[in-house]
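Observations on the model geometry
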Amino acid sequence: MKLSLTKVVNGCRLGKIKNLGKTGDRTMDVPGCLLYTKTGSAPHLTPHTLHNIHKVPAMAQLTLSSLAEHHEVLAEYKEGVGKFIGMPESLLYCSLHDPVSPCPAGYVTNKSVSVWGVGGRVEMTVSKFMAIQQALQPDWFQCLSDGEASCAEATSIKRARKSVDRSLLFLDNCLRLQEESEALQRSTIIGVIEGGDVMEERLRSARETAKRPVGGFLLDGFQGDPMTLETRLHLLSSVTAELPEDKPRLICSVSRPDEVLECIERGVDLFESFFPYQVTERGCALTFSFDYQPNPEETLLQQNGTQEEIKYVHQTKKIKTTGCNQEMTSFEINLKEKKYQGDFEPLVRGCSCYCCQNHTRAYIHHLLVTNELLAGVLLMMHNFEHYFGFFHSIREALKNDRLAQLKELIRRQAS
Amino acid sequence: MAAAASPSSMESAPRIMRLVAECSRSRARAGELRLPHGPVATPVFMPVGTQATMKGITAEQLDALGCRICLGNTYHLGLRPGPELIQKAHGLHGFMNWPHNLLTDSGGFQMVSLVSLSEVTEEGVRFRSPYDGEETLLSPERSVEIQNALGSDIIMQLDDVVSSTVTGPRVEEAMFRSIRWLDRCIAAHRRPDQQNLFAIIQGGLDAHLRATCLEAWLAKWCHVRTRDPRQQTPGHREAEQMTKRDVPGFAIGGLSGGESKNQFWRMVALSTARLPRDKPRYLMGVGYATDLVVCVALGCDMFDCVFPTRTARFGSALVPTGNLQLKKKQYEKDFRPIDPECACPTCQTHSRAFLHALLHSDNTAALHHLTVHNIAYQLQLMSAVRASIVEKRFPDFVRHFMGTMYGDPTLCPTWATEALASVGITLA
């Protein structure tokens, strides 16, 4: 696989990763995102409804937390997880954890890391981890790593150091086992940068990991609350500066449009797409504009329909959601609100998704009020399409030297 | 309306059914319904999309499965989102964006089954909304008014629904009241050219009552009191007109409850023996595969049931030998599709093992995979039944079907064997 950058401007990298996949002929755009899945399936969607979505990323993210407990089944299946889940054509990246469900801290040891599936905790030593990857045969996989230094409020230097030491040890062992595994010859190990919020340790992690023959880097533990954003972004810049330019940089647990742009400016290439899923789960639809060369009136209309409502969206709202107790952002509208009961407009005017082409806000509102399953299906289709469209616009903006306009447009819409 | 001079006028309902083939042994028929949103081949199974949605599958997915008619539920939709909003959305077709046919029931069944505090009088059914506690009256006029707003291609009369396990005078009262309510529905129906109002034959499990009900429909004419302005005298006397009332189709109601299968099939057979040959017979609430095949043999054309879609959401996949409870451990490493003969998208792409894993996760996609398959199963079954009738091999089809389902035709349940025998099909 080869990362070719066509442009680097203000720290943002634009390019393509080529020669991907088992047959070596697939390509991926950067900056880009990965299709978020749960137990190997896009949430709410079957292949039919997934194929209704335009610009679905070439690579899907699987989570070990949802698949580790099916290890035996996959081993017996023998043909790899892609075929098992009905996505034989997709590139696959296997992360350790599910970004939506944080895992309990305190379970990493010198010898093992744990993930949590439906059936409970699955503890993995390096050899068990690699055995599972052998059964999965993904294109890329996150190496076993210790991410707990970023869990606690303030990490001690000692804990940060341990996270780096352990992760490097795991990496060396995994690389060694990969050499001995026929089945994993075409899979790429992604090295994980740890170190909590301790600069020295972050730099050490970056430099040391970069010395190993990994295919790319996962920047772990850079998520957190808005209070510490500046610090984390500063840390991120310093880390990416240490990484080789010709290998992709992924980041986990960062998916909001504004944060995505901040990270791209600091040298990040690939993101998870769990944000549209969280929006779906709270009965909301993404409506933020990423049309940085618009008819100004059109932008405002697309968001919510009226001038007055633009001011309204700047308030954040707490909404109880299934599993993810996240606050609603100003990038979205809440279809449960009574005002949508008789609104026969599509979710977003001009959106080409199946939901906006076929249904109205009033219908989605009805489905949510009556607790119908189709609400999740239609919202997921719209939210994914909207989000993938956003990434497309990032690439276009970079190509046309318009990222500043796009960034300003997103900043105006962020709360 | 007819002129005052003639004593009787012909008010004939459209003939919406064309018979294509009839089994020479049994009462099975293959036909085609001509409905406002396109033709529908019969016998037909109609999936139930209660609240303007076929559960987790999109209109496009339902269309791709070959579904050309499905159900919406007047009781639920009448409460949420309400007929006024649906009318603004260009009817139920517009609201849910379904291009093919819709059938709505009257709301009567939900009255009795869902609402614990409902009261039936001659006026209608009085109940409290479970959502806002408001008291509402569902009368024949109100039911038709809502269904007119919904704009469904087939609408059902409001009937006085009584559980099939009830006996005694209440059954007779309900039967006669249903006849009176049909007349009120017909009178209130504002769109007879766009919507086909079906009558519902009641009578519980009493053969005599059912026969009486059937006779009332098939009488050469019914008395209907109407007010003809040209007849009005200064005393405002009503003019009584003899008008022949007709309906485009009949439903057999009041079955598919707690009654025994033995009683069930006899009431169906009694009804189909007397209903007009050239009109569709809709057997309400019937959906198990065996029941469908037997009742086609008895002469029914249309069926609906929540079973296939509901059981899908519990992880159960329908197959020619019964069903697979895919959550069970035995499917954990079963890499075959649900049914290798099935052409549905689920069976084309996914294994039982994957569905098993997905069913144990919280990803709702698992339910949608099974909903797609179960609807496909029902529709493919009806297609196969129809083809066998057209190709004059329906009795053989029935024997083969029972053999596959029960291991041996002789192991078929007694009621089904007897029902089939009554129309000339032997299984041994």
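Residues numbered from 1 in each chain as written. Chains lettered and ligands numbered in written order. Predicted model: local features only at pLDDT ≥ 70, side-chain atom pairs only at ≥ 80, totals over all residues. Heavy atoms only, no water.

So, about the interface of chain A and chain B. Across the boundary between the two partners, chain A contributes 39 residues, which contact 40 residues of chain B. The junction of chain A with chain B conceals about 3,300 Å² of combined surface from both sides, 64% of it contributed by carbon and sulfur atoms. Inspection of the region where chain A meets chain B yields 4 salt bridges. For the salt bridge of Lys38 of chain A with Asp362 of chain B, the shortest nitrogen-to-oxygen distance reads 3.2 Å. Counting across the chain A and chain B interface gives 18 residue pairs in polar contact (both at pLDDT 80 or more). When contributions to the side of chain A that touches chain B are tallied by element, the ones reaching two or more residues are helix H1 (47-51), helix H3 (71-77), helix H13 (354-358), helix H14 (361-369) and helix H15 (374-399) of chain A. In terms of residue count, H14 of chain A provides more of the side of chain A that touches chain B than any other element does, 5 residues in total. Partitioning the side of chain A that touches chain B into residue classes produces 19 nonpolar, 16 polar and 4 charged. (Contact = heavy atoms within 4.5 Å. Buried area = accessible area lost by both parts, 1.4 Å probe. Salt bridge = Lys/Arg side-chain N within 4 Å of Asp/Glu carboxyl O. Polar contact = N/O pair within 3.5 Å; in protein donor to acceptor, adjacent residues only side chain to side chain. Helix = DSSP H or I, 4+ residues; strand = E, 2+ residues; numbered from the N terminus. Nonpolar A, V, L, I, M, F, W, Y, C, P; charged D, E, K, R; others polar.)

Time to look at the UniProt feature "binding site: Zn(2+)" (unreviewed entry) in chain A. Residue and element names in this part refer to chain A. Here, the residues flagged by UniProt with the feature "binding site: Zn(2+)" (unreviewed entry) are Cys351, Cys353, Cys356 and His382. In three dimensions, the annotated residues from a span of 32 residues occupy one location, with a maximal C-alpha spread of 8.4 Å. With respect to the helices and strands, the residue Cys353 is situated in the loop between strand S17 (332-334) and H13. Filtering out sequence-adjacent residues up to four positions away, Cys353 remains in contact with Met381, His382 and Glu385. Examined against the element boundaries, His382 turns out to sit in helix H15. When sequence neighbours within four positions are dropped, the list of residues in contact with His382 reads Ala285, Leu286, Leu347, Val348, Cys351, Cys353, Cys355 and Cys356. (UniProt positions renumbered as here; feature names shortened; annotations may be inferred.)

If you look at soluble globular proteins, the nonpolar side chains tend to sit buried side by side. Trp140 and Ile394 of chain A together with Phe303 and Phe394 of chain B are the most contacted members of the largest nonpolar core, which has 241 residues in total. Among the elements that line this core, the one with the most residues is H15 of chain A, at 15 residues. Those residues within four positions of Phe303 of chain B in sequence are excluded, and the remaining contacts are Val44, Phe45, Met46, Tyr282, Leu283, Val286, Leu292, Cys295, Val296 and Met382 of chain B. By size, the runner-up hydrophobic cluster in this structure holds 19 residues, among which are Leu33, Val44, Ile69 and Ile154 of chain B. (Core = buried A, V, L, I, M, F, W, Y, C linked by side-chain atoms within 4.5 Å. Buried < 20%, exposed > 50% of the residue type's maximum accessible area, 1.4 Å probe, protein only.)

What follows is about the sheet that holds strand S8 (residues 119-120) of chain B. Backbone hydrogen bonds are what pair the strands of a sheet, in a parallel or an antiparallel way. Residue and element names in this part refer to chain B. Pairing is antiparallel in the open sheet, where 3 strands are placed in the order S8-S9-S10. Each edge of the sheet is formed by a strand with only one pairing partner; in this case those strands are S8 and strand S10 (135-138). Sheet analysis places strand S9 (residues 125-128) next to S10, joined by 4 bridges and oriented antiparallel. Residue Phe127 lies in a different strand from S10, and its bridge partner there is Thr136. (Pairing = 2+ DSSP bridges.)

Residues and elements named next belong to chain B. Among the residues of helix H16 (residues 414-422), Trp415, Ala416, Ala419 and Leu420 are the ones counted as buried. For H16, the buried positions fall inside an angular range of 125° around the axis, keeping them on one side. For H16, the elements touching its buried residues are helix H9 (261-274), helix H10 (289-297) and helix H15 (394-406). Downstream of H16 by a residue or two, Gly424 has a phi angle that is positive, lying close to 90°. (Arc of directions from axis to C-beta.)

Another aspect to go through is the sheet that holds strand S3 (residues 26-30) of chain A. Residues and elements named next belong to chain A. With respect to topology, 3 strands assemble into an open sheet ordered S1-S2-S3, the strand pairing being antiparallel. The strands lining the two open edges of the sheet, one partner per strand, are strand S1 (2-9) and S3. In this sheet, neighbouring strand axes are inclined to one another by 10° on average, regardless of whether the strands run parallel or antiparallel. Both strand S2 (residues 12-20) and S3 contribute to a ladder of 4 bridges, which runs antiparallel. Bridged to Gly15 within S3 is Val30. Packing of H15 onto the sheet brings it into contact with S1, S2 and S3, and relative to S2 it is tilted by some 115°. (Axes fitted to C-alpha atoms, helices over the stretch in contact; angles between N-to-C directions.)

A negative phi angle is the norm for most residues apart from glycine, just as the trans form is the norm for most peptide bonds. A cis amide bond, omega 5°, links Thr42 of chain B with the succeeding residue Pro43 of chain B. Structurally, Pro43 of chain B can be placed in the loop between strand S4 (38-42) and strand S5 (44-47). The amide bond that connects Arg80 of chain B to the next residue, Pro81 of chain B, takes the cis arrangement and shows omega of 5°. Along the chain, the position of Pro81 of chain B falls in the loop between helix H2 (74-79) and helix H3 (83-88). Located in the positive-phi region is Asn10 of chain A, a residue other than glycine, with phi close to 55°. Within the secondary structure layout, Asn10 of chain A lies in the loop between S1 and S2. Here the phi dihedral of Lys55 of chain A falls at roughly 60°; this positive angle occurs in a residue that is not glycine. Along the chain, the position of Lys55 of chain A falls in the loop between H1 and strand S5 (59-63).

Our focus in this paragraph is the pattern of salt bridges. Scanning all chains against the criterion turns up 55 salt bridges over all chains. For Arg159 of chain A, the salt bridge is made with Glu148 of chain A, and the minimal N-O distance between the two is 3.5 Å. With Arg159 of chain A in helix H6 (residues 157-179) and Glu148 of chain A in the loop between strand S9 (140-142) and H6, the pair connects residues that are 11 residues apart, well separated along the chain. Exposure remark for Glu148 of chain A: the relative accessible area of 14% places this residue in the buried category. Through salt bridges with shared partners, a single network forms among Glu122, Asp160, Arg170, Glu173, Arg177 and Arg180 of chain B.

Moving on, we come to the state of the cysteines. According to the stated counting rule, one finds 0 disulfides over all chains in the structure shown. The cysteine Cys351 of chain A is free of any disulfide, with Cys353 of chain A supplying the nearest cysteine sulfur at 3.7 Å. The buried category is assigned to Cys351 of chain A, whose relative accessible area is 11%. Not engaged in a disulfide, the cysteine Cys305 of chain B finds its nearest cysteine sulfur in Cys295 of chain B; these two sulfurs lie 11 Å apart. With a relative accessible area of 13%, Cys305 of chain B lands in the buried category. (Disulfide = S-S within 2.5 Å.)

It is worth spelling out the side chain of Asp269 of chain A at this point. Residues and elements named next belong to chain A. Checked against the element boundaries, Asp269 lands in the loop between helix H9 (257-264) and strand S13 (270-272). A distance of 2.9 Å separates the side chain of Asp269 from the backbone nitrogen of Arg249, its partner in a polar contact. Aside from chain neighbours lying at most four places away, what touches Asp269 is Leu3, Arg13, Val30, Pro31, Gly32, Lys247, Pro248 and Arg249.

Okay, the packing of aromatic side chains next. On inspection of all chains with the given rule, the structure shows 23 aromatic pairs over all chains. Taken together, the ring pairs connect Phe271, Phe275, Phe288, Phe290, Phe331, Tyr387, Phe390 and Phe391 of chain A into an aromatic cluster. Its end group placed over the ring of Phe222 of chain A, Arg202 of chain A keeps NZ or CZ at 4.0 Å from the ring centre. Of note, Lys261 of chain B hangs over the ring of Phe264 of chain B, and the distance from its end group to the ring centre comes to 5.6 Å. (Phe/Tyr/Trp six-rings, centres within 6.5 Å; stacked < 30°, edge-to-face > 60°. Lys NZ or Arg CZ within 6 Å of the ring centre and 35° of its normal.)

Turning our eyes to something else, we now look at the packing of helix H7 (residues 199-211) of chain A against helix H8 (residues 229-241) of chain A. All names here are of chain A. One can describe the packing of H7 onto H8 by two numbers: an axis separation of 9 Å at closest approach and a directional angle of 30°. As summarised for this structure, H7 and H8 are arranged roughly parallel, according to the angle between their axes. The hand of the H7/H8 crossing is right-handed. When H7 is examined against H8, the residues Met199, Arg202, Leu203 and Ala206 are found in contact with a partner set consisting of His234, Leu235, Ser238 and Val239. A class-by-class count of the residues in the contact of H7 with H8 yields 5 nonpolar, 2 polar and 1 charged. (Parallel < 35°, antiparallel > 145°, perpendicular 65-115°, else oblique. Left-handed = near helix turned anticlockwise from the far one by under 90°.)

All right, on to helix H14 (residues 365-390) of chain B then. Residue and element names in this part refer to chain B. For H14, built from 26 residues, the straight-helix expectation of 38 Å at 1.5 Å per residue is met to within 8% by its first-to-last C-alpha distance of 37 Å. Within H14, 21 of the 26 residues are buried, leaving the element largely enclosed by the surrounding structure. A positive phi of about 60° marks Lys392, the residue just after H14. (Expected span 1.5 Å × (residues − 1).)

Further remarks concern the confidence of the model for chain B. For residues with low pLDDT, the predicted coordinates do not support detailed interpretation. All names here are of chain B. Mean pLDDT over chain B works out to 88, with 90% of the residues at or above the 70 mark. Counting interchain partners and residues more than four positions distant, the pLDDT-below-50 stretch residues 1-10 has 17 contacts. Two summary scores accompany this predicted model of the complex, namely pTM at 0.92 and ipTM at 0.92. (pLDDT = per-residue confidence, 0-100.)

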